[in-house]
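# Notes for the structure review
Here is what each chain is made of, one letter per residue.
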Amino acid sequence: MSAGREAGPASRLRDLSSGRKKPGRKRDFSPVPWNHYFETMEDITIAREISKDSFRIYKSGSDGPVLLLLHGGGHSALSWAVFSSMIISRVKCRVVAVDLRGHGDTKVVNSDDLSAETMSRDVGDIVDTLYGADAPPILLIGHSMGGAIAVHSAAKNLVPSLLGLCVIDVVEGTAMDALNSMQTFLRSRPKVFSSVENAIEWSVKSGQIRNLESARVSMLGQIKRYEDDLDTPGSSQSFIDTAIHEEEEEEEEEEEGGIPKKEKKNEPTKSIKQDTPEYTWRIELSKTEKYWEGWFRGLSNLFLSCPIPKLLLLAGVDRLDRDLTIGQMQGKFQMQVLPQCGHAVHEDAPDKVAEAIAAYMIRNRFTEAKGDIQSIYPSF
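Report follows, based on the coordinates. (Residues numbered from 1 in each chain as written. Predicted model: local features only at pLDDT ≥ 70, side-chain atom pairs only at ≥ 80, totals over all residues. Heavy atoms only, no water.)

Looking now at the pairing of strand S3 (residues 52–60). Note that strand S2 (residues 40–47) and S3 share 8 bridges and pair antiparallel. Pairing of Ile44 across the sheet is with Phe55, part of S3. Linkage of S2 to S3, two consecutive antiparallel strands, is achieved through a turn of 4 residues. Both S3 and strand S5 (residues 94–98) contribute to a ladder of 4 bridges, which runs antiparallel. Along S5, the bridge assignment pairs Tyr58 with Ala97. (Pairing = 2+ DSSP bridges. Helix = DSSP H or I, 4+ residues; strand = E, 2+ residues; numbered from the N terminus.)

It is worth spelling out helix H4 (residues 172–188) at this point. For H4, which comprises 17 residues, the first-to-last C-alpha distance of 24 Å matches the rise-based estimate of 24 Å (1.5 Å per residue) to within 8%. The largest bend in H4 comes to about 55 degrees, at Asn180. Residues Glu172, Ala175, Met176, Leu179, Gln183 and Leu186 constitute the buried set of H4. Those residues of H4 that are buried are in contact with helix H7 (289–296) and helix H8 (299–305). (Expected span 1.5 Å × (residues − 1). Bend = angle between axes of the 7 residues up to and from the residue. Buried < 20%, exposed > 50% of the residue type's maximum accessible area, 1.4 Å probe, protein only. Contact = heavy atoms within 4.5 Å.)

This part covers the pairing of strand S6 (residues 138–143). Remember that side chains alternate between the two faces of the sheet whenever the strand is regular. Of all 6 residues that make up S6, 6 are buried, and the element is covered over most of its length. A two-sided burial pattern is seen for S6, the buried positions comprising Ile138, Leu140 and Gly142 on one face and Leu139, Ile141 and His143 on the other. One ladder, built from 5 bridges, connects strand S4 (residues 66–70) with S6; its direction is parallel. Bridging from a neighbouring strand, Leu70 pairs with Gly142 of S6. Relative to strand S7 (residues 162–168), S6 runs parallel, the two being bridged by 6 bridges. Along S7, the bridge assignment pairs His143 with Ile168. In this view, the connection linking S6 to its parallel neighbour S7 by way of helix H3 (residues 145–155) has right-handed handedness. (Right-handed = clockwise from strand over helix to strand, strands pointing away.)

Our focus in this paragraph is the sheet that holds strand S8 (residues 192–193). An order of S8-S10-S9 is seen for the 3 strands of this open sheet, with the pairing classed as antiparallel. Whereas interior strands pair on both sides, the edge strands pair on one side only; in this sheet they are S8 and strand S9 (223–225). Direction of pairing for S8 relative to strand S10 (residues 279–281): antiparallel, over a ladder of 2 bridges. Looking at S10, one finds that Phe193 is bridged to Tyr279.

So, about the layout of surface pockets. To find the voids left in a structure, one rolls a probe of water-molecule size over its atoms. Considering only enclosed or pocket space, the second largest pocket measures out at about 860 Å³ in volume. Sort the elements by how many residues they give to the lining of the second largest pocket and H4 lands first, with 7 residues. For the lining of the second largest pocket, the class distribution of residues is 18 nonpolar, 13 polar and 3 charged. (1 Å grid on protein atoms, 1.4 Å probe; cavity = no way out; pocket = protein on both sides within 12 Å on 5 of 7 lines; lining within 4 Å. Points joined across faces, edges and corners; volume = space filled by probe spheres on them. Nonpolar A, V, L, I, M, F, W, Y, C, P; charged D, E, K, R; others polar.)

Written out as structure tokens, the structure is:
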């Protein structure tokens, strides 16, 4: 294990109010480093039979149960940054956010193997490498793909000291139904960005992340320096700045007689050709399709079978499938719906997610509160 790289404590959270839109001021899309939210960053080495793999982790807190945070597909541990600072301030706990295999700054020999079996084994190996036989109580929390991996890890008993399980916005029925349209969604995203700021702006204005503060730190884990390895013919067409100017743009209508489309007076053209693209996605999610069904098939029954206190956080009740509906009615898990959030619930509303998880931890006597914990969003 490499030495941890120290930074200021999470309580030293910077005032990022400049990133929020104010009348007469442009929003700030500049990136924010990890150490505004986490205390340390380190790379842990896991020795395999014929290789060594390095996993990037971010940590905060010094005592209490460990919240092991698993991000969604294409994201990274940095998607938990704002949430981590908020949960640490509410309850006595530690957080460990992991860059999963093939994501972020984790470097493994076989980064293409994103099977549920391999990734859940990684989770067990990470816990063993960090804590050995003296592992503290651990609460697994996962979003989307990470939620599925958390369930697989819990069901296989790969974390012997497992205290509880929290899954964020991933339900078998909804996930399986969405797989057919996933490739269409991935093709709709820009392939490259002219700058980090451009990527952050796109993520917010496209609605992928609805919280600018979170986007400013988490997008750094989703993109990397662009290398001229695109093998698609005519890929130069992707060098278009596709940031969506939602506050400014208006629908353009084609006039009769071949007259060009109308544009708003004195407004610059929205699409700008980028001759030298600088950034692209760290992982090509379209190439992971063969693993998608393995992540989600049978997930509801696996989740229900885990004999530990469970919490399911959803962006909408319509995401609940039949098995989970029955299980929820039987009281097999706690569920909470957080309205007005997109799929990245913990990024869109990190304060609400922190409040919900803190209340869940207090209710199950996993830890102690640092102040008054109130769940302002009642269980559904």
